[in-house]
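A structural walkthrough
For reference, the chains in residue letters:
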Amino acid sequence: MRLLLVEDDDRIAGPLTEGLNRYGFAVDRVGTGGSALSAPEADLVLLDLGLPDVDGIDVCRALRARSSVPIIMITARSEETDRVVGLEVGADDYLSKPFGVRELVARIRAVTRRTHPERHTPPSALPPAPGDSLPHTVQAQPGQERRVQRLGPLTISRRTRGVTLGGQELTLTPKEFDLLAQLADDPGAVWSRQQILDAVWDPHYFGPTRTLDVHVSALRRKLGDPSWIATVRGIGFRLTVPDDGAYG
Ligand code: CA
């Protein structure tokens, strides 16, 4: 999927492009409204409203007048009126700065699902390893998947941020919960270290990645079996349900 990023600020456009590339999006970046209007048509447009030459609202209106390309506006917090006007002139969604790459990717997927259902791709970044299977996984019923997720003896409630293992409640720190919830978003899928840092810490987290290892270790300890979180050498981690029968 090819995105057109219309953003004049290099400090935002640079890291954003890198982050989106990591999620598999190709990004063409332009810094003015004029170049946005003369750029080849993309699959989706990320449009900053504060541009140096033309008002982003006018860019949005012009784009919409000639195509049905999905448009997500990127606004500063103070531009509440702009958001309303932007949606009126045909933007599909808006996002307020500051935002994380993960949040933006979620919006891109949601907008794509709405406008081009056939283009929607599942969230797993990398395919599960060959021979990988999750015999204990119980699929949630539609509409309940964000309620309580069951993975063998483990239950995760994103609504209450509660986790139980074999019926016993686990006490996790907020980051440990976020880490577990992130891995459990796509059980068996490999998440790269950077994807996890983007999602659980901060999209611009440039601190020591040792932080991630510390949290993985703590989570493994609390889950009582290190094989819950498998290390994928040189890439990252994935969640697997241990099949040692310890939980019957
Ligand atoms: Ca701007």
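Structure first, text after, so check above.
Throughout what follows, the structure given in this document is the object of discussion. (Residues numbered from 1 in each chain as written. Predicted model: local features only at pLDDT ≥ 70, side-chain atom pairs only at ≥ 80, totals over all residues. Heavy atoms only, no water.)

1. Side note on the environment of Ala-91
How we decide: For the purposes of this entry, the term helix denotes a DSSP run of H or I that reaches at least four residues, the term strand denotes a run of E that reaches at least two, and both are numbered from the N terminus. Contact criterion: two residues are considered in contact whenever any of their non-hydrogen atoms come within 4.5 Å of each other.
When you line up the elements, Ala-91 lands in the loop between helix H4 (80–88) and strand S5 (93–96). Between the C-alpha atoms of Ala-91 and Leu-46, which are 45 residues apart in sequence, the distance is 9.8 Å. If near-sequence neighbours (up to four positions away) are discounted, Ala-91 is found in contact with Cys-60, Ile-71, Met-73 and Gly-86.

2. Remarks on the sheet that holds strand S11 (residues 191–192)
Counted only if it meets this: Two strands form a pair only when DSSP identifies at least two bridges running between them. With axes taken as lines fitted to C-alpha atoms, and helix axes fitted only over the stretch in contact, angles between N-to-C directions fall between 0 and 180 degrees.
If you trace the three strands from one edge of the open sheet to the other, you get S11-S13-S12, paired in antiparallel fashion. Single-partner strands in this sheet number two, and they are S11 and strand S12 (229–232). When S11 meets strand S13 (residues 236–239), the two strands line up antiparallel, connected through two bridges. Residue pairing in the sheet places Trp-191 in a bridge with Phe-237 of S13. Where helix H6 (residues 174–184) meets the sheet, its contacts fall on S11, S12 and S13, and the angle it forms with S13 comes to roughly 75°. Of the strands in this sheet, S12 and S13 touch helix H8 (residues 210–223), which is tilted by about 145° from S12.

3. Details of the coordination of the calcium ion
In ideal tetrahedral geometry, four donors around a metal make angles of 109.5 degrees, whereas ideal octahedral geometry with six donors gives angles of 90 or 180 degrees. In plain terms, the rule: In this description, a donor is an N, O or S atom within 2.8 Å of the metal centre, a cutoff extended to 3.2 Å for sodium, potassium and calcium. Water is not part of the atom list, which can make sites seem incomplete. Only protein chains enter the accessibility calculation, which uses a 1.4 Å probe. A residue is then buried if its area is under 20% of the maximum for its type, exposed if over 50%, and partly exposed in between.
Coordination of the calcium ion by the protein is provided by Asp-8 (OD), Asp-48 (OD) and Gly-50 (O), with metal-donor distances spanning 2.2 to 2.4 Å. Counting gaps between the donor residues of the calcium ion yields the pattern D-x39-D-x1-G. Of the two residues, Asp-8 sits in the loop between strand S1 (2–6) and helix H1 (10–22) while Gly-50 sits in the loop between strand S3 (44–48) and helix H3 (56–66), which places them 42 residues apart along the sequence. The class of Gly-50 is partly exposed, set by a relative accessible area of 36%.

4. What to know about helix H7 (residues 193–201)
Within H7, seven of the nine residues are buried, leaving the element largely enclosed by the surrounding structure. Restricting attention to buried positions, one finds in H7 the residues Gln-195, Ile-196, Leu-197, Asp-198, Ala-199, Val-200 and Trp-201. Residues of H7 that are buried in the fold lie against H1, helix H5 (101–115), H6, S11, H8 and S13.

5. A closer look at the pattern of salt bridges
As a reminder of what qualifies: Every case where a carboxyl oxygen of Asp or Glu lies within 4 Å of a side-chain nitrogen of Lys or Arg is listed as a salt bridge.
Going through the model one piece at a time under the given rule, you end up with 12 salt bridges. For Asp-9, the salt bridge is made with Arg-11, and the minimal N-O distance between the two is 2.9 Å. Overall, the relative accessible area of 67% leaves Arg-11 in the exposed class. Note that Asp-58 is salt-bridged to Arg-61, the shortest N-O span being 2.9 Å. With a gap of three residues between them, Asp-58 and Arg-61 both fall in helix H3, about one helical turn apart. Since its relative accessible area comes to 36%, Asp-58 is described here as partly exposed. For Arg-61, a relative accessible area of 40% corresponds to the partly exposed category.

6. Structural notes on the sheet that holds S5
Here five strands make up an open sheet; going across it, the order is S2-S1-S3-S4-S5 and the pairing parallel. Because the sheet does not close on itself, it has two edges, and the strands there are strand S2 (26–30) and S5. Strand-to-strand, the axes of this sheet are offset by a mean angle of 20°, without reference to chain direction. When S1 meets S3, the two strands line up parallel, connected through four bridges. From the neighbouring strand, Leu-5 faces S3, where its bridge partner is Leu-46. Most of the contacts of H1 go to S2, to which it runs at about 165°, and overall it touches S1, S2 and S3.

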